[in-house]
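# Secondary and tertiary structure notes
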Amino acid sequence: MMDGNKLEELRELVEFLKTNGIAEFDMEQDDLKVRIKFAGEPAAAPAGGFDIAQLGRLMASAPPAPTAAASARASAAAALADELEEKLHEVKSPIVGTFYESPSPGAPAFVKLGDQVEVGQVLCIVEAMKLMNEIESDVAGEVVKRIASSGQPVEYGQPLFAIRAR
């Protein structure tokens, strides 16, 4: 059961999403997992666009996550909010494992911010059960954001990169 403060924060979040015309939103924090998807056409966004700072303050008002994995999920939610503004394509992890940006320690990263990538180009490795799985780009474009941190665990479906498709 949610306490009154959490319920009020959730109501404020729903109102914010409706006001800014955001049709879909996911957030996971501590033992609370929220998925909001509005049916039909979203409301028109205000002339000034999305107020990402307001969304950040709303999310920051919740208590801080106690673990590194929960913190990674919270930062992924904040990254998602930033990407909503730009309509970027996300490359997501197809498996649960550990994210690595380079083929070995000390080696250069497969890709860096600003790189142009092609479909099928290796972006990173996700290690699962001692197997190194190369994650390839499913779209051609410019790498504008690395969302996951090297050496950190990633979940199935967690965004790893944001790419501005050509």
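One can find the structure itself at the top, above this paragraph.
Every chain is numbered independently, its residues counted from 1 as its sequence is written. Reporting in this predicted model follows two pLDDT cut-offs: at least 70 for local features of residues, and 80 or more for side-chain atom pairs to be given and counted; totals over whole chains, interfaces and linings ignore these cut-offs and use all residues. Hydrogens and waters are ignored; side-chain quantities use all the structure's heavy atoms.

## Here's the deal with the overall build of the protein
Short version of the rule: Labels follow the DSSP assignment, with helices taken as runs of H or I lasting at least four residues and strands as runs of E lasting at least two, numbered in each case from the N terminus. Buried, partly exposed and exposed residues are distinguished by accessible area as a fraction of the type maximum, computed with a 1.4 Å probe on protein chains only: under 20%, between the cut-offs, and over 50%, respectively. Residue contacts follow a heavy-atom distance rule, with two residues in contact if any of their heavy atoms lie within 4.5 Å.
Scanning the protein for helices and strands turns up 3 helices and 10 strands. Mapped in sequence order, the helices and strands of the protein form the string α-β-β-α-α-β-β-β-β-β-β-β-β. A burial count over the protein gives 32% of its 166 residues as buried. Pairs at least 24 apart in sequence give 61% of the contacts found in the protein among residues at least 6 apart.

## What about the sheet that holds strand E6 (residues 122-128)?
Using the following cut-off: Pairing between strands requires that DSSP locate at least two bridges from one strand to the other.
Read across the open sheet, the 4 strands follow the order E7-E6-E4-E9; overall the sheet is antiparallel. Edge positions in the open sheet fall to strand E7 (131-136) and strand E9 (153-154), since each of these has one partner strand only.

## Topic: the nonpolar core
Put simply, the rule reads: Throughout this description, the term nonpolar core refers to a set of buried Ala, Val, Leu, Ile, Met, Phe, Trp, Tyr and Cys residues connected via side-chain atoms within 4.5 Å.
Among the nonpolar cores identified, the biggest contains 15 residues, and Phe99, Leu123, Leu160, Phe161 and Ile163 are the most heavily contacted of them. With sequence-adjacent residues up to four places away left out, Leu123 is seen in contact with Val91, Glu101, Phe110, Val111, Val117, Ile135, Glu136, Ser137, Phe161 and Ile163. Core analysis: the next-biggest nonpolar cluster, separate from the first, contains 8 residues, Leu17, Phe25, Met27 and Ile36 among them.

## Here we look at unusual backbone geometry
In this structure, Met129 takes a positive phi of about 55 degrees despite not being glycine. Among the structural elements, Met129 can be located in the loop between E6 and E7. According to the relative accessible area criterion, Met129 is exposed, its value standing at 80%.

## Observations concerning the environment of Glu90
When you line up the elements, Glu90 lands in strand E3 (residues 89-92). Since its relative accessible area comes to 16%, Glu90 is described here as buried.

## Side note on the layout of surface pockets
Note the threshold: For each structure, a 1 Å grid was placed over the protein atoms alone; sets of points admitting a 1.4 Å probe that cannot get out are labelled cavities, open sets with protein on both sides within 12 Å along at least five of seven lines are labelled pockets, and lining residues have an atom within 4 Å of a point. Grid points are joined across faces, edges and corners, and a volume is the space filled by probe spheres set on the points. Residues are grouped as follows: nonpolar covers Ala, Val, Leu, Ile, Met, Phe, Trp, Tyr, Cys and Pro; charged covers Asp, Glu, Lys and Arg; every other residue, Gly included, is treated as polar.
Of the pockets and cavities examined, the second largest pocket occupies roughly 150 Å³. Lining the second largest pocket are Tyr100, Glu101, Ser102, Pro103, Ser104, Pro105, Ile125, Met132 and Ser150. Partitioning the lining of the second largest pocket into residue classes produces 5 nonpolar, 3 polar and 1 charged.

Read these as layout, nothing more, since geometry by itself doesn't imply function.
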